[in-house]
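# Commentary on secondary and tertiary structure
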Amino acid sequence: MYWVAGFASSRSFVVDLGRNQSPSFGLCGSDERHLFYGYIVAVPVQDFGGIMSGLVSDSWWRKTLYITGGALLAAAAYLLHELLSIRKDQQLDSKDAIILHQFSRPKNGVPSLSPFCLKMETYLRMVDLPYQCYFDGSLSAQGKMPWIEYNYEQVCGTEFIIEFLEEKLGMSLNKSLSAQEQAVAQAITTMVEEHLYWSIAYCQWVDNVQETQRMLDLPGPLSDLLKWILCQLTGGMVKREMYCHGIGSFTKDEVYSLMEKDMRTLATLLGDKKYIMGPKLSSVDATVFGHLAQAMWTLPGTRPEQLIKGELINLAMYCERIRRKFWPEWFVDLEDFCYDSDNDTSSGTPPCPLDLGLFSRTDTLEESDLSLPSHSNSELSGHSLSDSDIEVDGSDGEQKVKG
């Protein structure tokens with residue numbers, strides 16, 4: 001009969017002490033050695049399988065581990081599925097069509113809690129390009145959101161998307177701007193996207209995260225847990241990225257002070273003009289609107305809302321002007337137009353903008369607002385869901401209702 005020696009410890013495993021082998025207990029290739037206390041056992045070879053089975057394979061803790069691990073994997077798969085919100089019923093075909101990938105709609109009526117997603121969709125409406133939204137939650141290859149597909153080409157980054165569409169489709173909102181005005185517009189865009197954005201994001205996802213969490217719209221029985229997880233992850237990323245940017249090193253009061261300076265700068269630049277650069281639209285208006293709309297409609301009771309609906313009321317009128325012209329299906333309670341500290345934001349849930357569909361607003365475009373090829377109106381225009389029934393300022397003429 002043959003015998004084999006082994007080491008049995010209280011940790012329920014056996015280390016074979018075969019010939020020409022030294023027991024090594026380093027972790028993950030580490031040179032560090034660990035001491036284990038146990039007993040030297042000797043068993044007949046024919047009973048070896050039974051002993052090992054009793055010590056390892058059929059032990060209760062292993063079964064418990066399998067069950068627990070399986071349950072955790074199932075829960076993780078479900079959470080991942082809900083977070084991504086994969087729309088399997090849609091077949092994407094970007095041939096001669098713009099597919100806009102962005103985050104899902106919140107449930108407070110605002111089209112997006114992302115300034116860049118709102119900027120991009122507003123720009124597409126401003127230039128009267130039909131597009132289809134896709135809320136699959138997937139980021140671009142560069143890890144960005146939003147991004148588009150057009151003729152099977154993928155482009156991310158709002159500035160690059162705008163340049164891409166101008167090159168491919170031959171249209172621009174900035175054609176009427178002089179070289180100096182285009183430089184000013186670029187400087188404003190940089191200030192808003194590289195500076196103001198961070199203070200708004202801080203207010204949304206760090207300082208006012210409970211209100212943001214209530215605005216999220218996630219389906220399923222674990223929606224509250226999913227929203228909490230998403231807000232915690234996003235808040236952590238925002239704080240880390242703010243620190244890398246540099247603005248995260250400042251205190252809360254200092255961050256809000258920088259935000260206030262940026263908003264006052266925008267209010268001064270706007271003055272009593274219709275749009276940022278004058279009487280005509282330009283791409284910088286999509287940028288400014290996308291960011292100011294967050295302060296206007298997603299941050300109740302915060303310092304940004306107090307500023308834009310109070311002292312800097314010209315910014316609020318500017319946002320409302322663009323909202324009415326390009327987002328007529330976006331419902332807003334006019335009683336909430338000016339800041340009121342006693343305003344109750346939980347009185348009702350306004351309807352959300354449509355999730356999917358082709359959008360075009362040819363009928364409301366002023367002919368001089370942008371330069372289009374002569375054939376573009378007939379090819380790109382379809383059923384209009386973005387026509388504003390009422391013009392809201394005197395420069396557009398008398399208020400009128402379209403028949």
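Criteria and thresholds
Residues numbered from 1 in each chain as written. Predicted model: local features only at pLDDT ≥ 70, side-chain atom pairs only at ≥ 80, totals over all residues. Heavy atoms only, no water. Helix = DSSP H or I, 4+ residues; strand = E, 2+ residues; numbered from the N terminus. Buried < 20%, exposed > 50% of the residue type's maximum accessible area, 1.4 Å probe, protein only. Contact = heavy atoms within 4.5 Å. Axes fitted to C-alpha atoms, helices over the stretch in contact; angles between N-to-C directions. Parallel < 35°, antiparallel > 145°, perpendicular 65-115°, else oblique. Left-handed = near helix turned anticlockwise from the far one by under 90°. Nonpolar A, V, L, I, M, F, W, Y, C, P; charged D, E, K, R; others polar. Pairing = 2+ DSSP bridges. Expected span 1.5 Å × (residues − 1). Arc of directions from axis to C-beta. pLDDT = per-residue confidence, 0-100. Salt bridge = Lys/Arg side-chain N within 4 Å of Asp/Glu carboxyl O. Patch = residues over 30% accessible without salt bridge, like charges linked within 9 Å, V, L, I, M, F, W, Y side chains within 5 Å. Areas by Shrake-Rupley, 256 points an atom, 1.4 Å probe, with all protein chains shown as cover. Phe/Tyr/Trp six-rings, centres within 6.5 Å; stacked < 30°, edge-to-face > 60°. Lys NZ or Arg CZ within 6 Å of the ring centre and 35° of its normal. 1 Å grid on protein atoms, 1.4 Å probe; cavity = no way out; pocket = protein on both sides within 12 Å on 5 of 7 lines; lining within 4 Å. Points joined across faces, edges and corners; volume = space filled by probe spheres on them.

### What about the overall build of the chain?
For the chain, the helix and strand inventory stands at 12 helices and 7 strands. Out of the 403 residues in the chain, the part that is buried amounts to 42%. Considering only contacts within the chain whose residues lie at least 6 apart along the sequence, 75% involve residues at least 24 apart.

### Structural notes on the packing of helix H9 (residues 283-297) against helix H11 (residues 313-326)
Orientation of H9 relative to H11, taken along the N-to-C sense of each, is 110°, at an axis distance of 10 Å. Between H9 and H11, the interaxial angle falls into the category roughly perpendicular. Judged by the sense of rotation from one axis to the other, the crossing of H9 with H11 is left-handed. Side by side, H9 and H11 meet where Asp285, Val288, Phe289, Leu292, Ala293, Met296 and Trp297 of the first sit next to Leu315, Ala316, Tyr318, Cys319, Glu320, Ile322 and Arg323 of the second. Class assignment of the residues belonging to the contact of H9 with H11 gives a composition of 11 nonpolar, no polar and 3 charged.

### Considering the sheet that holds strand S7 (residues 153-156)
Taken together, the 4 strands give an open sheet; going across it, the order is S5-S4-S6-S7, and neighbouring strands pair in mixed fashion. On the outer flanks of this sheet lie strand S5 (131-134) and S7, each paired with one strand and no other. Going across the sheet, the axis of each strand differs from the next one's by a mean of 25°, ignoring polarity. Across 4 bridges, strand S4 (residues 98-101) lies against S5 in parallel orientation. Looking at the pairing, Ile99 lines up with Gln132 of S5. Contacts from helix H4 (residues 158-169) reach S4, strand S6 (147-150) and S7, with the element oriented near 140° to S7.

### Brief notes about H4
The end-to-end C-alpha distance of H4 is 16 Å, a good match for the 16 Å that 12 residues give at a rise of 1.5 Å each. Every buried residue of H4 is accounted for by Thr158, Ile161, Ile162, Phe164, Leu165 and Leu169. In a view along the axis of H4, the buried residues occupy a sector of 160°, so they form one face of it. Turned more than 90 degrees from where H4 packs its buried face, Phe160 and Glu167 sit exposed.

### Overview of the packing of helix H10 (residues 303-311) against H11
Here H10 crosses H11 at 90°, and the two axes come no closer than 4 Å. In terms of their interaxial angle, H10 and H11 are classed as roughly perpendicular. Facing H10, whose interface residues are Ile308, Lys309, Gly310 and Glu311, H11 presents Ile313, Leu315, Ala316 and Cys319. Classifying every residue of the contact of H10 with H11 gives 5 nonpolar, 1 polar and 2 charged.

### Thoughts on the confidence of the model for the chain
With 61% of its residues at a pLDDT of 70 or more, the chain has an overall mean of 74. Across residues 341-352 the pLDDT falls below 50, and counting only partners more than four positions away or on other chains, this stretch makes 13 contacts in the model. Taken together, the stretch residues 354-403 has pLDDT below 50 and engages in 108 contacts with residues farther than four places along the chain or on a different chain.

### Description of the pattern of salt bridges
Taken as a whole, this structure holds 15 salt bridges when the rule is applied. Ionic pairing is found between Lys119 and Glu159, a salt bridge with its closest N-O pair at 2.7 Å. Taken together, the residues span a long stretch of sequence, with Lys119 in helix H3 (residues 115-126) and Glu159 in helix H4 at a distance of 40 residues. On the basis of relative accessible area, Glu159 is assigned to the partly exposed category, the value being 27%. A salt bridge links Lys168 to Glu153; the shortest N-O distance between them is 3.4 Å.

### Things to note about the pairing of S7
Where S6 meets S7, 4 bridges bridge the pair, whose relative direction is antiparallel. When the bridges of S7 are listed, Trp147 appears paired with Cys156. Taking the residues that link successive antiparallel strands as the turn, the S6-S7 hairpin has 2 residues, and the phi of Asn151 there is positive, at about 50°.

### Examining a nonpolar patch on the surface
A contiguous nonpolar patch, built from Leu222, Leu225 and Trp228 and spanning about 280 Å² of accessible area, is present on the exposed surface. By secondary structure assignment, the location of Leu225 is in helix H7 (residues 223-245).

### Remarks on H10
Along H10, the residues that are buried comprise Pro304, Glu305, Leu307, Ile308 and Lys309. Buried-residue contacts for H10 involve helix H5 (179-207), helix H8 (252-270), H9 and H11.

### Some details on the packing of aromatic side chains
Tallied over the full model, the rule gives 8 aromatic pairs. Taking NZ or CZ as reference, Arg125 lies 3.7 Å from the ring centre of Trp327, over its face.

### Things to note about the layout of surface pockets
Size it by volume and the largest pocket reaches roughly 1500 Å³. Phe103, Ser114, Leu139, Met145 and Tyr197 are, among the 45 residues lining the largest pocket, the residues nearest its centre. Elements that contribute at least two residues to the lining of the largest pocket include exactly helix H2 (60-84), H3, H4, H5 and H7. Per-element tally for the lining of the largest pocket: the top contributor is H5, with 10 residues. Among the residues forming the lining of the largest pocket, the class breakdown is 23 nonpolar, 15 polar and 7 charged.

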